[in-house]
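Residues per chain are reported as follows:
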Amino acid sequence: MDSTLSSSETLRYARHLVLNEVGPDGQECLKDARVLVVGLGGLGSPAALYLAAAGVGTLGLVEFDTVDLSNLQRQVLHGTSGVGRSKLESAQERLREVNPHVSVEPYPVRLSSRNALDILRRYDVVVDGSDNFPTRYLVNDACVLLGIPYVYGSILRWEGQISLFAVPGGPCYRCLFREPPPPDLVPSCAEAGVFGALPGVVGSYQALEAIKWILGVGDPLRGRLLLLDSLSSTWREVEVRRDPDCPVCGDHPTVTELQDYEAFCGITPSEAPAEAAADDYPASVSPGQLLELLGGDDPPLLVDVRESWEWREGNLANRGARHLPLAELTAAPEALPRSRPLVFVCSVGSRSAGAAQFLRDQGHTRVANLSGGLKAWAREIQPDLTVV
Amino acid sequence: MSHDLGTIQVLLNGKDREIPGGQSVQDLLVSLDLRPELVVVERNRQILDRNRFPEVTVEDGDTLELVHFVGGG
């Protein structure tokens with residue numbers, strides 16, 4: 001066919017045009033393609049940069065957050081001068097500079113069951129750079145329902161996972177991860193850390209798989225999960241088959257519309273009543289409930305299990321909080337009194353949930369976790385508290 | 001039930017491992033210091049229902065892949 005690429009585009013994509021698998025037809029194909037990137041963080045940054053550089057004609061971007069200084073160690077779309085700005089604006093500016101031929105469609109929203117189908121249905125491929133389980137299940141289910149390929153990537157510490165879900169003949173995310181993990185037990189990157197260059201590898205790989213899929217070349221990652229352990233520099237490949245009993249993509253699906261994914265993942269809104277433990281002491285409390293407990297007859301001892309550097313930046317010592325980093329706590333749990341109820345806190349409620357469970361296993365009966373951690377406390381109760 | 005309670009050979013995460021025989025998938029995860037609710041187990045290319053971890057015995061020659069929940073982005 002006659003190429004509609006301009007002479008500057010021909011020059012720009014010269015290294016693609018000489019590849020047998022791309023060539024002028026493939027490059028046209030990319031120009032006609034529409035790819036949605038969900039999240040412009042560690043994964044979305046390199047993914048969007050490479051998709052734009054490759055000449056994907058239309059890039060949809062979903063992001064509601066602003067650039068934080070702590071993002072810059074890995075989120076290469078954003079720069080120092082962008083701190084405090086919307087990630088979406090920062091990304092648009094950068095992507096325009098990378099490739100002005102790309103049309104960017106911004107969505108300054110949090111993806112939800114209400115808006116996901118309307119947004120996703122406009123695209124040919126979805127690249128997931130989200131940072132939480134509810135959004136991952138939401139993106140998966142929406143992709144299956146709409147029949148759109150779902151390029152999956154996730155990262156934590158030194159580990160990455162990549163696959164291609166929701167394509168004909170292949171599995172979906174739920175074929176592998178049928179049920180979400182118990183809430184608060186899998187830490188986030190904010191809590192457990194993430195090696196900066198790791199999302200560079202995983203997000204770039206997601207872009208690569210999306211582009212291959214659009215071009216229809218090579219072997220897609222369908223039915224294959226790539227696991228990267230960057231600390232030992234090893235890749236592992238696990239075969240994942242489509243599960244005929246999968247509730248979403250199986251032979252007799254039970255999920256035929258989007259659900260409430262926060263509830264599915266066990267995340268209760270903070271105003272919801274706390275879940276009662278066997279002995280009637282709540283297993284987890286919201287910031288508001290904690291405030292009530294602290295002002296009540298038998299106020300709990302607050303135990304902050306974060307590391308020293310986190311404690312120094314801001315803490316609840318003025319409310320009697322005791323600092324006992326997780327490692328010290330697990331080494332010597334007898335340091336905590338059995339006579340008082342205990343409420344464990346950390347930055348977002350994950351490490352403290354583990355600590356609370358550990359103390360219950362040690363026979364403590366009145367033990368709760370602050371759900372959402374000190375970040376939620378700062379948001380709802382004490383805005384001047386610094387939580388890193 | 002396995003009668004041989006000696007050691008068995010399995011392929012665990014792509015590596016040959018010798019482990020005690022007669023243990024359940026649940027036992028194996030616990031012996032590896034893993035929380036069963038945070039791991040997906042693929043045994044001989046089939047994903048195991050989590051509820052069956054305690055009742056499924058790891059057999060000699062099994063291929064096991066353990067995959068963690070990773071949600072960060």
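Residues numbered from 1 in each chain as written. Chains lettered and ligands numbered in written order. Predicted model: local features only at pLDDT ≥ 70, side-chain atom pairs only at ≥ 80, totals over all residues. Heavy atoms only, no water.

Section: the environment of Ser188 of chain A
- Mapped onto the fold, Ser188 of chain A is located in the loop between helix H8 (173-176) and helix H9 (189-192).
- Among all residues touching Ser188 of chain A, those that are not within four sequence positions of it are Leu156, Gly193 and Val348 of chain A. (Helix = DSSP H or I, 4+ residues; strand = E, 2+ residues; numbered from the N terminus. Contact = heavy atoms within 4.5 Å.)

Some words on the sheet that holds strand E3 (residues 39-43) of chain B
Residues and elements named next belong to chain B.
- Overall, mixed pairing links the five strands, which are arranged E2-E1-E5-E3-E4 in an open sheet. Single-partner strands in this sheet number two, and they are strand E2 (15-20) and strand E4 (46-47).
- Here six bridges tie strand E1 (residues 7-12) to E2, and the two strands are oriented antiparallel to one another. Bridging from a neighbouring strand, Ile8 pairs with Ile19 of E2. (Pairing = 2+ DSSP bridges.)

Regarding the domain arrangement of chain A
Residue and element names in this part refer to chain A.
- Domain parsing of chain A yields domain 1 (33-264) and domain 2 (278-380).
- Taken over C-alpha atoms, the centre of domain 1 sits 33 Å from the centre of domain 2.
- Summing both partners gives a buried area of about 530 Å² for domain 1 against domain 2, and 40% of it is carried by carbon and sulfur.
- Looking only at domain 1, the three residues that lose the most surface to domain 2 are Asp184, Leu185 and Glu191, adding up to 86% of its buried area.
- Our count for the contact surface shared by domain 1 and domain 2 stands at one salt bridge.
- Across the salt bridge formed by Glu191 and Arg351, the nearest N and O atoms sit 3.9 Å from each other.
- Taken together, domain 1 and domain 2 are joined by five residue pairs in polar contact (both at pLDDT 80 or more). (Domains from an automatic or database assignment. Buried area = accessible area lost by both parts, 1.4 Å probe. Salt bridge = Lys/Arg side-chain N within 4 Å of Asp/Glu carboxyl O. Polar contact = N/O pair within 3.5 Å; in protein donor to acceptor, adjacent residues only side chain to side chain.)

Some thoughts on the interface of chain A and chain B
- Taken residue by residue, the interface counts 36 residues in chain A and 18 residues in chain B.
- Between chain A and chain B the total buried area reaches about 2,100 Å² when both faces are included, carbon and sulfur atoms providing 58% of it.
- Contact with chain B buries surface across chain A, with Phe177, Arg236 and Arg241 of chain A losing the most and accounting together for 25% of the total.
- Applying the counting criterion to the chain A and chain B interface returns two salt bridges.
- A salt bridge links Arg45 of chain B to Glu239 of chain A; the shortest N-O distance between them is 2.9 Å.
- For the pair chain A and chain B, the interface holds 11 residue pairs in polar contact (both at pLDDT 80 or more).
- Breaking the side of chain A that touches chain B down by element, the ones donating at least two residues are helix H7 (133-146), strand E5 (150-156), strand E6 (159-165), H8, strand E7 (224-229) and strand E8 (234-239) of chain A.
- Class assignment for the residues of the side of chain A that touches chain B results in 19 nonpolar, nine polar and eight charged. (Nonpolar A, V, L, I, M, F, W, Y, C, P; charged D, E, K, R; others polar.)

Remarks on the nonpolar core
All names here are of chain A.
- Counting 44 residues, the largest nonpolar core has Leu36, Leu111, Leu120 and Phe177 as the members making the most contacts within it.
- Put simply, the parts of the chain that give this core at least two residues each are strand E1 (34-38), helix H6 (116-120), H7, E5, H8 and E7.
- When residues in this core are grouped by element, the largest group, seven residues, is from H7.
- Among residues more than four places away in sequence, those in contact with Leu120 are Leu36, Leu111, Val126, Val139, Ala142, Cys143, Leu146 and Ile148.
- Ala52, Val56, Leu61 and Val102 belong to the second largest nonpolar core, which has 43 residues in total. (Core = buried A, V, L, I, M, F, W, Y, C linked by side-chain atoms within 4.5 Å. Buried < 20%, exposed > 50% of the residue type's maximum accessible area, 1.4 Å probe, protein only.)

A look at helix H12 (residues 287-294) of chain A
All names here are of chain A.
- Buried within H12 we find Pro287, Leu290 and Leu294. Along the long axis of H12, the arc covered by the buried residues comes to 55°, so they all point the same way.
- Of the surrounding elements, those touching the buried residues of H12 are strand E9 (284-285), strand E10 (301-304), strand E12 (342-345), strand E13 (367-370) and helix H16 (373-380). (Arc of directions from axis to C-beta.)

Some words on the pattern of salt bridges
All names here are of chain A.
- One pass over the full model with this rule turns up 21 salt bridges over all chains.
- Residues Arg136 and Asp128 are paired through a salt bridge, measuring 3.2 Å at the closest nitrogen-oxygen approach.
- The buried category is assigned to Asp128, whose relative accessible area is 0%.
- Several salt bridges share partner residues, and in doing so they unite Arg85, Glu89 and Glu93 into one network.

Digging into the side chain of Asn99 of chain A
- With respect to the element layout, Asn99 of chain A can be found in the loop between helix H5 (87-98) and strand E3 (103-107).
- Within the structure, the side chain of Asn99 of chain A is placed 2.9 Å from the side chain of Tyr13 of chain A, a separation counted as a polar contact.

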